[in-house]
Structure formats: structure tokens, C-alpha cells
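Structural description and commentary
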Amino acid sequence: MSAATNLQYEDRFLCSICLDVFTDPVTTSCGHNFCKKCITQYWDVHERCQCPLCKETFKSRPQLKINTFISEMVAQFRRESQQKASSSSSSEQQAAKPGEVPCDVCTGTRLKALKSCLVCLTSYCQTHLEPHLTATSLKRHQLIEPVENLESRMCRKHDKHLELFCKTDQTCVCMLCSVLDHKAHEFVPLKEEYEGKKAELEKTEAEIQQMIQKRRLKIQEIKESVKMRKDAADRQKAEGVQVLTALMESVERRLKELIKEIEDKQETTEKQAEGLIKDLEQEISELMERSSEVEQLSRSEDHLHLLQSFSSLKAALCTKDWTEVRVRPPSYEGTVGRAVETLRKDMKKLFEAAELKRVQQDAVDVTLDPDTANPYLILSDDGKQVNHGDVRKKLPDNPERFSQCVCVLAEQSFSSGRFYFEVQVKGKTKWTLGVSTESINRKGKIRLRPQNGLWTVCLRNGNEYKACAAPPVRLCLRSGPQKVGVFVDYEEGLVSFYDVDAAALIYSFTGCSFTEKLHPYLNPCNNDDGKNAAPLLITAVDLILCEDRLD
């Protein structure tokens, strides 16, 4: 039988309702054949009992019986189709591997399915798929990529394939559901809902990828944060080792000095005692000689000789009075206390040096703002130094410029965090340094006090240092600083000043409440007939070494 003849032959065994090969075929009184289940469900849905093909109406629902002739013909057709499929399976087709969907029609070795039919609920290999590609009635079936569990694509209640989507209940339904259980609901074809959901999935996928990227960036951020913390911990360990090593060396050095001082005093005492003992032994030797002379003279019978010798012998017995002679013990009072005090000063130097090194880590690049400089001031081209020029320059009186106070602000401002900078004051007899608020008065006289937005220290008359608080605090410094470091912790409310070369704290303003931007503030003061001509110079920060700060 040719392929065309075979297809025509096959069409005669297809139900016009389900478009599949008859299952339990029955014949109505009008002579048309249907699957028993299909015609029964059709009449259940429609109010009139009529033939789906010729529309003949029956007064009552006919009693349906299986058409044995057609049933036998269908069974024979199925056997022939299976035999032909088994005998014509080509060598090009492959047996289904684990994880692949097998053909539901193949007997024996089941080949890999190429398509699944949503109408037949069957998966087909290339050979068994051919009727769906050529038979007119089967071409209307919906083919998809091979999938398993096709039964899950059937409505469990009506045994029809799911081809609609109920937007009201957000579920897949069959055609019968749409007219029975979901009346008045909104429906769209599965394909239409599929396209919409696919677009949503693509959008969701993009959002997921964005979330993944954000989390990868967060991982990178955390790793960098951990690295920064590790680097900070390593620096802290190195600084701790440096400080404590220097401290231990200081303790050992002061201990040696203490022991040497005590031993030197003891040695002096011992030498004194040795001298006294030597003198006493010398006198004992001399007295023993006189004792022998006395003994001999006492035995003499020569009256004249005894009398003549007695006076000289008596005179020789005049010796040193040892009654009040004692070895004075050395005084150790205050020795240990002085050593501890010296050690305490060493520790203070070390800790201040370590603190200075710590704040130097927050060093920032500071340049002076010419728009704020008083007209008497001269700024270097790089904005790193300023001095008084004696001659008032003709400059625009812009709102930022100081008109009376001979000072200047830095271009940089800070409203959070910590920052540090250093200024060389070498050769000057007066100056003022610190930080100021951005809203500081620039057109009149300025009183140097925190209440006016200024946290500064100053030098006057060559050797008078003050912290410009309210009231001012006189600072007693061992020596005048050549370079001053300024440190600010905005959140902590702290402004500290350091003698950089001595690595010593000069003064700290604590408990400050900052509410606006802060600028570094420099005032070189007047020239004073050339005595104060040296400039204030902003210098690069050179980290100090703790062990170099002990005398």
C-alpha cells in the first residue's frame, strides 16, 4: 500500500471530535462514528442532543453501543502501523539515552522522540511522527519539543488537553473548563500568556543578573574591606611592636642606670671603709711597737734611763680619736623614684610619638586659597607658603577675602572623618595656626576662640605660646617647635596640635561640636620690621620613628 493510500486509509479511523484514532468507536442513528467518550462529553456540554457532523437532532439521547466492526478495523490498523514502524526504523535514528524522551509507539528498542503531540498525548520518533506531518487531520495537532509526563498537560476533570489560561484564577484550563467551571472568567490562549510570561521571565532574569552583579560587587567590597582591615591590623601590630620594643629597651637602659648608680654608691662606701681599716691597721702596728718598748722599759732597773725615755714614749702614744669615726651608709632615698619618673617620661615620649605617627596616617594635601588671603599676604605659586609683605596689594574685595586679619584659609574643606597637616614655623617670632569654620567672619576683627569658629594655638613675643581658648591657656614648652602638626577628628570633636620634631603633644581641644565645613587656617602675623619675615610653610608629612624620640 502506498503512503498516500495509507494516509487516506488512516483518515477513515479518526474521530472527528478528538481528531485521533478511534477509542471505543460508536455509531449514531445518523450513521456517523465517534469515540464513545468524545460524543458523550459533547452531549454533556451542549443543550441539544444532535450529531456534531450533520447536526441531526435526537429527541432523546441515543443508547450508544460499541461498533465492533470499526473497532476491529482500528485494532488491525494499529497493529499494522506498529509493525511498519518497527520494520522501517532507520539506522540514522538513535535509541533513547538516559534523560532523553523515548518514543511511546516503538516496541522493543525505543527510539529517541523528536516531537510530542499535545492532542494525542504521545511522543513520536521520526518514523512514527510521519503521519502528523502528512495526514491532513493530524496536521492540526499541536506538536512540541519532546517532553515526559504528557498526562500532566491534560485536564484531570474533563480529560481534555490544557490549551487556555484563566487570567482570573491564574491557572491553565481546557475548553470545557472555560464554559463550565470558569464561566465569565477572562481567558487567553496559552501561547499568548506564554509570550507575556516569557517577557516577564526575561525581565526577571535581567533583574536576577543585576542582583548577582550587586552581590559580586558586595563580595569584592567585603574582600577589599577585609584587606584594608588586615593592612590596618598589620600596621597596628608593627607600631605596637615598635613602641613596646622601644619601651622594653628603655626599661632595660633605665634599670642598668639604676643598678650602676646603686653599685657606684656602694663601691664608694666600700673604698671609704677600706681606707679607714688601713689607717686603723697602721695605728695598731705602731701601737704594738710602742707596747714592746713599754714592756722593755718597765723591766729596766736604770732609774735615769726610764725617766729620760718616759716622756718621749708617752708623747709617741698620742693617736687619732676613733670614737666618732664611722662608715656612713650611702643614701638611696629617691633613687628608685627618680628612675621610675625617668621611665615615665620615656613612656610619655614613646606614646606621644606613637600617637603622632597614628594621626599622620590621615595626612591630606593642603594648598592655600588666594581668594581668601588678606591683601598684605604673599602666597607662593604652589600655594604651600605664606608670609606678610608689608605692602597692601590691590585685590578685589570678594566675600571670601579677609579684610583686616592677616590670615588665609586652605582651598580644602572637611565635614567628616579625620585629617592632618603640618606647617613649618621655623624662624618666626609670632604666628597662629589651626582650623576655622567656613562661616568665619572675614571682614572685621577676629577674636581667636572656638565660640567664633576658630580652634588655634599661637606664638607671641618669640617665646610665649598659648592655646586660643576662652580664656586662653598658657603653654609651657621645653623648646619652641620648628614644625607644628594639626590633627582633626570631626566626629570625635577633637583638634590636636603636635611638636613634630619632638613628637610631643602641644595641646588638644576636646568635646568640640562641629556643624559645618572646616578649613585649615594660617596667620603668619606682621613682619615686625623683618624680625618675623620668615614664611609659614606647609610641608609634606614624614612619618616619625618612635625609637628616635628617646634621649
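All of these numbers come straight from a predicted model, not from anything done at the bench.

Points about the overall build of the chain
Within the chain, the secondary structure is distributed over nine helices and 21 strands. The C-alpha atoms of the chain give 57 Å as radius of gyration, which overshoots the globular expectation for 551 residues (24 Å, by more than 25%). Projected onto the principal axes, the alpha-carbon positions of the chain cover approximately 195 × 95 × 45 Å. Partitioning the contacts of the chain with sequence separation of at least 6, the portion at a separation of at least 24 is 59%. Accessible area for the chain stands at about 33,900 Å²; split by element, carbon and sulfur atoms hold 52% of it.

Comments concerning the pattern of salt bridges
Across all of its chains, the model carries 25 salt bridges by this definition. For the salt bridge of glutamate 295 with arginine 299, the shortest nitrogen-to-oxygen distance reads 3.0 Å. Overall, the relative accessible area of 45% leaves glutamate 295 in the partly exposed class. A relative accessible area of 55% places arginine 299 in the exposed class. Where lysine 443 meets aspartate 397, a salt bridge forms, and the shortest distance between an N and an O atom there is 2.6 Å. Here the residue lysine 443 occupies a position in the loop between β13 (431-437) and β14 (454-460), and aspartate 397 occupies one in the loop between β10 (385-388) and β11 (408-409), the gap between them amounting to 46 residues. Through salt bridges with shared partners, one network takes in Lys167, Glu193 and Lys197.

Looking at helix α2 (residues 36-45)
When we look at burial in α2, the residues that qualify are Cys38, Ile39, Gln41, Tyr42 and Trp43. Taken together, the buried residues of α2 touch β1 (25-27), β2 (33-35) and α6 (175-179).

Some details on the sheet that holds strand β21 (residues 536-539)
Reading across from one edge, β9-β10-β21-β12-β17-β18-β19 is the order of the seven strands in this open sheet, with antiparallel pairing throughout. Since the sheet does not close on itself, it has two edges, and those belong to β9 (377-379) and β19 (504-509), each with one partner. Each strand axis lies, on average, 20 degrees off the axis of its neighbour in the sheet, ignoring direction. Pairing of strand β12 (residues 418-424) with strand β17 (residues 483-489) involves seven bridges; the strand directions are antiparallel. By the bridge assignment for β17, valine 423 is matched with valine 484. Across the sheet, helix α9 (residues 335-360) lies against β12, β17, β18 (494-499) and β19, angled at about 110 degrees from β12, the strand it touches most.

Some details on the confidence of the model for the chain
For the chain, the mean per-residue pLDDT works out to 85, and 93% of the residues sit at or above 70. Element-level mean pLDDT values for the chain span from 51 in helix α1 (residues 3-11) up to 97 in strand β20 (residues 518-523). Confidence drops under a pLDDT of 50 for residues 1-5, and excluding neighbours within four residues, the segment shows two contacts in the predicted structure. Contacts of residues 545-551 to residues separated by more than four positions or lying in other chains number 24 contacts, the stretch itself having pLDDT below 50.

Examining the packing of aromatic side chains
By the definition in use, this model includes seven aromatic pairs. For the ring pair tryptophan 43 and phenylalanine 58, a centre distance of 6.2 Å and an interplane angle of 75 degrees mean the geometry is edge-to-face. Within this pair, whereas tryptophan 43 is found in helix α2, its partner phenylalanine 58 is found in the loop between α2 and α3 (68-87), the two being separated by 15 residues in sequence. Phenylalanine 58 carries the same exposure label as tryptophan 43, and that label is buried. The interplanar angle of 45 degrees and the centroid separation of 5.3 Å between the aromatic rings of tyrosine 490 and phenylalanine 514 together place this pair among those described as tilted. With tyrosine 490 in the loop between β17 and β18 and phenylalanine 514 in the loop between β19 and β20, the pair connects residues that are 24 residues apart, well separated along the chain. Here the two residues tyrosine 490 and phenylalanine 514 agree in accessibility, since each one is buried. Taken together, the ring pairs connect Trp455, Tyr490 and Phe514 into an aromatic cluster.

Some points on the packing of helix α7 (residues 190-298) against α9
The interhelical angle for the contact between α7 and α9, taken along N-to-C directions, is 160 degrees, at an axis separation of 10 Å. For the element pair α7 / α9, the angle class is roughly antiparallel. The two elements α7 and α9 meet at a crossing, and its hand is right-handed. Contacts between α7 and α9 involve Glu239, Gln242, Val243, Ala246, Leu247, Ser250, Val251, Arg254, Leu258, Glu261, Ile262 and Lys265 from the first element and Thr335, Val336, Arg338, Ala339, Thr342, Leu343, Asp346, Met347, Leu350, Phe351, Ala354 and Lys357 from the second. Partitioning the contact of α7 with α9 into residue classes produces 13 nonpolar, four polar and seven charged.

What counts, and at which threshold
- Residues numbered from 1 in each chain as written.
- Predicted model: local features only at pLDDT ≥ 70, side-chain atom pairs only at ≥ 80, totals over all residues.
- Heavy atoms only, no water.
- Helix = DSSP H or I, 4+ residues; strand = E, 2+ residues; numbered from the N terminus.
- Rg over C-alpha atoms; globule rule 2.2 N^0.38 Å.
- Contact = heavy atoms within 4.5 Å.
- Areas by Shrake-Rupley, 256 points an atom, 1.4 Å probe, with all protein chains shown as cover.
- Salt bridge = Lys/Arg side-chain N within 4 Å of Asp/Glu carboxyl O.
- Buried < 20%, exposed > 50% of the residue type's maximum accessible area, 1.4 Å probe, protein only.
- Pairing = 2+ DSSP bridges.
- Axes fitted to C-alpha atoms, helices over the stretch in contact; angles between N-to-C directions.
- pLDDT = per-residue confidence, 0-100.
- Phe/Tyr/Trp six-rings, centres within 6.5 Å; stacked < 30°, edge-to-face > 60°.
- Parallel < 35°, antiparallel > 145°, perpendicular 65-115°, else oblique.
- Left-handed = near helix turned anticlockwise from the far one by under 90°.
- Nonpolar A, V, L, I, M, F, W, Y, C, P; charged D, E, K, R; others polar.

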